[in-house]
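# Geometric and topological summary
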Amino acid sequence: MVTSKFYIDGGWVEPISADVAEIISPASARSIGRVSLGSAADVERAVVAADRAFASWSQTQPEERRAVLERIVGIYARRGAEIADAMTAEMGAPVTLARGAQSGAGYGHLRDFVRAMDEIHWERPLFAGEDENRIVLEPKGVAALITPWNWPMNQIALKVGAALAAGCTMVLKPSELAPLSAALFAEVIDEACVPAGVFNLVHGTGPVVGEALARDPRISVISLTGSTRAGIAVTKLGADTVKRVGLELGGKGANIIFADADPEKAAAETAQAMFRNSGQSCNAPSRMLVERPVYDRAVAAATEVARSLVVGDPTREATHLGPVISAAQFDRIQSLIQQGIAEGARLVTGGPGRPEGLAEGYYVKPTVFADATNRMTIAREEIFGPVLTIIPFDTEEEAVAIANDSVYGLAAYLWTSDRERGRRLSRRLRSGMVRLNGTDLPYGSPFGGFGQSGIGREGGVWGIEEFLEVKAISGWPELEPAG
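The structure contained in this document is the topic of the report that follows. (Residues numbered from 1 in each chain as written. Predicted model: local features only at pLDDT ≥ 70, side-chain atom pairs only at ≥ 80, totals over all residues. Heavy atoms only, no water.)

### A few points about the pattern of salt bridges
In plain terms, the rule: Criterion for a salt bridge: a side-chain nitrogen of Lys or Arg within 4 Å of a carboxyl oxygen of Asp or Glu. Numbered from the N terminus, helices here are DSSP runs of H or I no shorter than four residues, and strands are runs of E no shorter than two. Think of it in three bands: residues with accessible area under 20% of the maximum for their type are buried, residues over 50% are exposed, and the middle band is partly exposed, with areas taken using a 1.4 Å probe on protein chains only.
Summed over all chains, the structure comprises 34 salt bridges. The salt bridge partner of R115 is D112, with a shortest N-O separation of 2.7 Å. Here R115 pairs with D112, and both are found in helix α3 (residues 95–117), just three residues apart, close to one helical turn. The exposure class assigned to D112 is buried, which follows from its relative accessible area of 8%. Linked through salt bridges whose partners overlap, the residues forming this network are D260, E396, R421 and R424.

This is the structure:
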C-alpha cells in the first residue's frame, strides 16, 4: 500500500518533498506501506489552489453546493466497505466496527449536512417583518482541516462536509498514521467532480504541514481534532493572522450511575462504550461514578464485560477489540496502568502487558480499576486506551462535584430513573454533551465541549456555521436596479 501522491487542484500530483514514512499496522507492528510526507512547498501549492478556487466556489448558491454533497454521499455509500477495510489495516479497527460505526459515521455526517443546509437562513431580514436591513451568511475563506487517526472518516466528514456546505475551499491534513482512508476519501471527492481547488489533500506531520497551514495568512479558519498540545500550538500560530480556530480535543467523560437505575445494565453498557475502539475515543465514558449502595454490583457488571471481550486480529469478525494505534501509545497506556496500581486503585481485571497469546502488535488488556479517587492520575488524564476507572460516591452533590472536577468537559453520561434528577443534573454538568440512560445523540447534534475539550462545535447546522461569516447590510430596498 503506497500513498505517494497528494490531491491538489483537482488532480493527483507528485510531492515536492521526497520524505516518506512507513505505515505501520498496529495489529502486527510491521510496515504495510509508505506515505509521502509533505513539506511547506507542498502546502504552498495546495493553499494557492484553494485560494484561487475560493473566488468562484464562495459565490455558488446553496443549492449547487447541496448537489455536490449529494453526489459525494452517493459515491461514499458505494465505496464504504473499501474505506472501512483501509481503516482496519491502518488503525486496527475491528472489521465489524470499521464497516459499521467507523465507516458509517462518515456517511451519516455527510448525509446530515445535506439536510442541515435547508435549516440555515443564508439571507434574512435583521428584524422580522422589515426588509431594510439584511443579514447574509458568507463563507469564511480557505480552511485548514487537521484530522486524527482514531475516527478517521468521522472527523474528515465533519470538517469537509461542513466546509463544502458553507462555501469554503480547503486543505485537508489527515493523520500520517491513518493516510489510506483519507486517500480513498479524496478519490470520492474526485469522482464527485468537486471543482478543482475546492478540496486539496496533503499528507504530512503536524510540525511541518500542520504548522505551515496554521501560519499561512491565506488560511482564514483552522479546524483541528487532536491533542490539547496540538490545539494549543495551532491556536498560537494562527493568532498572528487572527484566524478563527475550532478545536475538538480531549475528554475524560464522567458516567454517573445512581442507585435508582439498573446498575448492572448501566455498568455493562458503560463498559462496552468505554472499550469500543480500544478506548480510543475522546468522548469515552472513562470515569464511572457509582452511588455506594449499588457500587459492588456495578463493578462486577463492568468487570464481566471486560473479561468477555475478544481481543485480537481486527480482520476477524469475532474480534471486539483491536490494537491501539502505535508503540508510543501502547507504552503510554502501560505506564498509566502501572501508575494506577502505584497510586492505590484496585486492579479488578486486565493490567500491564499484552493479552495472552498476542506477542506482536499493540494490544492492551481491557482493564478495570475500582476504588479510585478523582485525584488519581488515571481519573484525571485522558488515557486513550481500554482502561475504565470506577469511583464511588454518596450524594448527588458529591457526584456532580467529582464529574465537574476536570479540565475537560466533552461528554457526560447519567443513569437515573428520577426524571427531575436527570433534568436537574443535565443542566449542572459542565459538559458539551449529556447522554441520559444509554441514549445517543443523533446526527446533526452539536459535538464539542467545555474547557480544554475544545472551542466550537461540529455537526449539523452548528458545524456549518463554524465556517461562515455574518454580514450586515443596510438600505437593502433602496438599491437602484442595474441598467
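More follows now that the structure is in view.
### A few points about the packing of helix α6 (residues 206–215) against helix α7 (residues 228–239)
Operational definition: A fitted line through C-alpha atoms represents every axis, and for helices the fit uses only the stretch in contact; the resulting angles, taken between N-to-C directions, go from 0 to 180 degrees. What makes two residues a contact is simply this: any of their non-hydrogen atoms within 4.5 Å. Classes in brief: Ala, Val, Leu, Ile, Met, Phe, Trp, Tyr, Cys and Pro nonpolar; Asp, Glu, Lys and Arg charged; the others, Gly included, polar.
Relative orientation of the contacting elements α6 and α7 amounts to 35°, with a least axis distance of 7 Å. Where α6 abuts α7, its residues E211, A214 and R215 lie against V234, L237 and G238. Residues of the contact of α6 with α7, tallied by class, amount to three nonpolar, one polar and two charged.

### Comments concerning the environment of L126
By the element assignment, L126 lies in the loop between β6 (123–125) and β7 (133–139). L126 sits 188 residues away from P314 along the chain, and the two C-alpha atoms are 54 Å apart. Not counting residues within four places of it along the chain, the set of residues in contact with L126 comprises N133, R134 and I135.

### Side note on the pairing of strand β12 (residues 244–248)
Heads up, the condition is: For two strands to count as paired, DSSP must find a minimum of two bridges between them. When the strands point away from the viewer and the connection leading from the first strand across the helix to the second strand turns clockwise, the crossover is called right-handed.
The element β12 is largely enclosed, with a buried count of four among its five residues. Examined bridge by bridge, strand β11 (residues 219–225) and β12 share five bridges and lie parallel to one another. Bridge pairing in β12 links L224 to L247. In this region the chain leaves β11, passes through α7 and returns to the parallel neighbour β12; the handedness of that crossover is right-handed.

### A look at helix α9 (residues 295–308)
As a reminder, the rule being used: Here, expected helix span is obtained from the residue count minus one, scaled by 1.5 Å.
In a regular helix each residue adds 1.5 Å, so 14 residues correspond to 20 Å; α9 covers 20 Å between its end C-alpha atoms and thus fits that length. Along α9, the positions that sit buried rather than exposed are Y295, A298, V299, A301, A302, T303, V305 and A306. On its buried face, α9 is in contact with α8 (263–275), β14 (287–291), β15 (346–349), β16 (367–370) and β17 (387–393).

### Some remarks on the sheet that holds β16
If you trace the seven strands from one edge of the open sheet to the other, you get β15-β16-β17-β14-β13-β19-β20, paired in mixed fashion. Lying at the two open borders of the sheet, with one neighbouring strand each, are β15 and β20 (433–436). On average, adjacent strands in this sheet sit at an angle of 20° to one another, irrespective of strand direction. Along the sheet, helix α10 (residues 327–342) makes contact with β15, β16 and β17, crossing β16 at roughly 25°.

### Things to note about the pairing of β7
The element β7 is extensively covered by neighbouring structure, given that six of its seven residues are classed as buried. Relative to β7, β6 runs antiparallel, the two sharing three bridges. For P125, the partnering residue across the bridge sits in β7 and is R134. Sheet topology places β7 next to strand β23 (residues 468–474); seven bridges connect them, and they run antiparallel. Residue pairing for β23: E138 is matched across the bridge by E469.

### Brief notes about the sheet that holds β6
Taken in spatial order, the three strands make up an open sheet running β6-β7-β23, and their pairing is antiparallel. At either end of the open sheet lies a strand with only one pairing partner, and these are β6 and β23. Between one strand axis and the next, the sheet turns by 25° as a mean value, whatever way the strands run.

### As for the packing of aromatic side chains
For the record, the criterion: Here a Phe, Tyr or Trp ring, Trp counted by its six-membered ring, pairs with any other such ring whose centre lies within 6.5 Å, and the pair is stacked when the planes are under 30 degrees apart, edge-to-face when over 60, and tilted otherwise. Any Lys NZ or Arg CZ found within 6 Å of a ring centre and within 35 degrees of that ring's normal is scored as a charge over the ring.
Applying the stated rule across the entire model yields six aromatic pairs. Ring centres of W149 and F384 lie 5.7 Å apart, and the angle between their planes is 80°; this geometry places the pair in the edge-to-face category. Separated by 235 residues along the polypeptide, W149 in the loop between β8 (142–146) and α4 (152–166) and F384 in the loop between α11 (377–380) and β17 bring together distant segments of the chain. For the residue pair W149 and F384, the accessibility class agrees, reading buried in each case. Relative to F393, the ring of F258 lies with its centre 5.3 Å away and its plane at 75°, an arrangement referred to as edge-to-face. Remark: F393 occurs in strand β17 and F258 occurs in the loop between β13 (254–257) and α8; sequence separation between them is 135 residues. What makes F258 buried here is its relative accessible area of 1%. Aromatic ring contacts, followed pair by pair, group Y7, W12, Y76, F185 and F199 into a single cluster. The aromatic ring of W122 is capped on one face by R65, whose charged end is 5.1 Å from the ring centroid. Directly above the aromatic system of F258 lies the positively charged group of R421, at a separation of 4.0 Å from the ring centroid.

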